[in-house]
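Now for the letters of each chain:
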Amino acid sequence: MSDDSFHLDFERPIVELEKRISDMEAQAETDGLDLSREIRSLQERVKRLRREIYSRLTRWQRVQISRHPLRPYALDYMGRILTDFVELHGDRYHGDDKSIVGGPARLDGEPLMVVGIQSGRNVDERKQRNFGMPHPEGYRKALRLMQMAAKFQRPILTLVDTSGAFPGVEAEERGQAEAIARNLYEMSHLPVPIVVAIIGQAFSGGAIGITVGDRILMLEHAVYSVIVPESCSTILFRTRDRKEEAAEALRLSAADLIEHKVIDRVVPEPFGGAHRDYNQVASTLKHHIQEALAELRPLQPQDLIDQRVEKFSAMGVWEE
């Protein structure tokens, strides 16, 4: 589902070639010329150039891809991977946070509970979804749904895509930090399988608030870090202009994180990014989710909890 009206800076050479192809096709049709040979040659150049660019992406370029406005969001995956989804609302304390969506569904007939962070396509939807930045009631809604899944012995699937939790004063007044911390503790002790899929950007505690799981899957061009590169650059270098350098230092790509055993699987994307083919990336992600659940279903509840706690306790490097 690509769109020629939007492209990333590093894709400009590809876009220019594609425009030449489009112009030649229009000329061939208007003037009755046979330009098929020249057009095929340019199409081959586009393929080679795209392969060359996407085989040597920098970490900052991967951040840009993870933020692509046409990249599939949580609801796009839910609609393609799951059936019988029923969205549930509210945290039973304050209200309903529309940046968190979730409810019971089925994966090939098997029941599960899905929770995702949803952004918007246009201005109105982004405002409604709070730009994919959850409030405390969003995390409390997520926890309510996950505890419901545990009660009915359903596995949990979370779809993560956020620049972070909402940083406003009102969110802090309603206990943002406590809500995220409570999720971390409770998710680590839920007696059902938890599969996490990082589908876009996953930054700060806002991401990890629904990212404690037995298997953490990450799309090829997704990113996952404690802080966004722009904020990291501001803190370390007193300017946002060194965000590319900050992204390199954060080692936030899927390849980095599987090397450090922070995630468990890298899910391939269509060449050029997930926004190129929603159905293909959804099918690939579904396959990996099914594999992860098949590995986890035979485990006893206490074994799941023990392994999950051990998994997260082993992350990081420290000295005593």
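Please refer to the structure placed before this passage.
As the structure is a prediction and not an experimental result, all values here were calculated from the model. (Residues numbered from 1 in each chain as written. Predicted model: local features only at pLDDT ≥ 70, side-chain atom pairs only at ≥ 80, totals over all residues. Heavy atoms only, no water.)

For the structure shown, the criterion picks out two aromatic pairs. Between F10 and Y54, the ring centres sit 6.0 Å apart and the planes meet at 65 degrees, which makes this aromatic pair edge-to-face. Of this pair, F10 sits in the segment before helix 1 (12–31) while Y54 is found in helix 2 (residues 36–54), placing the two residues 44 residues apart along the sequence. Y54 shares its class with F10; the two are buried. An angle of 50 degrees between the planes, with centres 6.0 Å apart, marks the rings of Y54 and F271 as tilted. With Y54 in helix 2 and F271 in the loop between strand 7 (265–267) and helix 13 (278–296), this pair connects stretches of sequence that are 217 residues apart. The exposure class assigned to F271 is partly exposed, which follows from its relative accessible area of 48%. Members of the aromatic cluster, joined through ring pairs, are F10, Y54 and F271. (Phe/Tyr/Trp six-rings, centres within 6.5 Å; stacked < 30°, edge-to-face > 60°. Helix = DSSP H or I, 4+ residues; strand = E, 2+ residues; numbered from the N terminus. Buried < 20%, exposed > 50% of the residue type's maximum accessible area, 1.4 Å probe, protein only.)

This part takes up the environment of V160. The residue V160 is located in strand 3 (residues 156–162) in this model. A C-alpha to C-alpha distance of 22 Å links V160 and K243, two positions 83 residues apart in sequence. Discounting residues that sit within four places of it in the chain, V160 has contacts with V196, A197, I198, I199, G200, Q201, A202, A207, I210 and T211. (Contact = heavy atoms within 4.5 Å.)

Once that is clear, we can look at the pattern of salt bridges. All told, the structure shown has 26 salt bridges when counted by the stated rule. Residues R182 and E178 are paired through a salt bridge, measuring 3.8 Å at the closest nitrogen-oxygen approach. On the criterion of helical spacing, the pair formed by R182 and E178 is a turn pair, its members being four residues apart in helix 8 (residues 176–188). A relative accessible area of 38% places R182 in the partly exposed class. Judged by its relative accessible area of 40%, E178 falls in the partly exposed class. Salt-bridge contacts for R251 lead to D256; the nearest nitrogen and oxygen are separated by 3.4 Å. Overall, R251 belongs to the partly exposed group, its relative accessible area being 31%. Linked through salt bridges whose partners overlap, the residues forming this network are R59, E248, R251, D256 and E259. (Salt bridge = Lys/Arg side-chain N within 4 Å of Asp/Glu carboxyl O.)

Another aspect to go through is the layout of surface pockets. Reported here for the largest pocket is a volume of approximately 300 Å³. In terms of lining residues, the largest pocket is bounded by 15 residues, among which R67, Y73, S119, F131 and Q201 are the most central. For the lining of the largest pocket, a count of residues per class yields three nonpolar, eight polar and four charged. (1 Å grid on protein atoms, 1.4 Å probe; cavity = no way out; pocket = protein on both sides within 12 Å on 5 of 7 lines; lining within 4 Å. Points joined across faces, edges and corners; volume = space filled by probe spheres on them. Nonpolar A, V, L, I, M, F, W, Y, C, P; charged D, E, K, R; others polar.)

What follows is about helix 3 (residues 59–66). Counting buried positions along helix 3 gives eight out of eight residues, so the element sits mostly inside the fold. Along helix 3, the residues classified as buried are R59, W60, Q61, R62, V63, Q64, I65 and S66. Where helix 3 is buried, its residues touch helix 2, strand 4 (194–203), strand 6 (223–225), helix 10 (229–237), helix 11 (243–250) and helix 12 (254–259).

Let us look at the pairing of strand 2 (residues 110–117). Of all eight residues in strand 2, six are buried, a share of seventy percent or more. Summarising the sheet, strand 1 (residues 100–107) and strand 2 pair through eight bridges and their orientation is antiparallel. Residue A105 lies in a different strand from strand 2, and its bridge partner there is L112. As consecutive antiparallel partners, strand 1 and strand 2 are separated by two residues, and within that stretch D108 has a phi angle of approximately 50 degrees, a positive value. For strand 2 and strand 3, the ladder comprises four bridges, and the chain directions are parallel. Within the sheet, the bridge partner assigned to V115 lies in strand 3 and is T158. (Pairing = 2+ DSSP bridges.)

Tracing the backbone shows A197 in strand 4. Residue classification places A197 among the buried positions, given a relative accessible area of 1%. Separated by 94 residues in sequence, A197 and G103 have C-alpha atoms that sit 16 Å apart. When sequence neighbours within four positions are dropped, the list of residues in contact with A197 reads T158, L159, V160, L217 and L285.

Residues R20, R45, R48 and R51 make up a contiguous surface patch of positive charge. Ranked by the residues each element gives to the positive patch, the list is headed by helix 2, at three residues. Mapped onto the fold, R45 is located in helix 2. (Patch = residues over 30% accessible without salt bridge, like charges linked within 9 Å, V, L, I, M, F, W, Y side chains within 5 Å. Areas by Shrake-Rupley, 256 points an atom, 1.4 Å probe, with all protein chains shown as cover. Lys, Arg positive; Asp, Glu negative; His and termini not counted. Charge placed at Lys NZ, Arg CZ, Asp CG, Glu CD.)

Moving on, we get to the packing of helix 1 against helix 2. In contact at an axis separation of 10 Å, helix 1 and helix 2 are set at 165 degrees when each is read in the N-to-C sense. With respect to helix 2, the axis of helix 1 lies roughly antiparallel. The crossing of helix 1 and helix 2 is left-handed. Of helix 2, the residues touching helix 1 (which contributes P13, I14, L17, E18, R20, I21, M24 and E25) are E38, I39, L42, Q43, R45, V46, L49, R50 and I53. Its residues assigned to classes, the contact of helix 1 with helix 2 shows 10 nonpolar, one polar and six charged. (Axes fitted to C-alpha atoms, helices over the stretch in contact; angles between N-to-C directions. Parallel < 35°, antiparallel > 145°, perpendicular 65-115°, else oblique. Left-handed = near helix turned anticlockwise from the far one by under 90°.)

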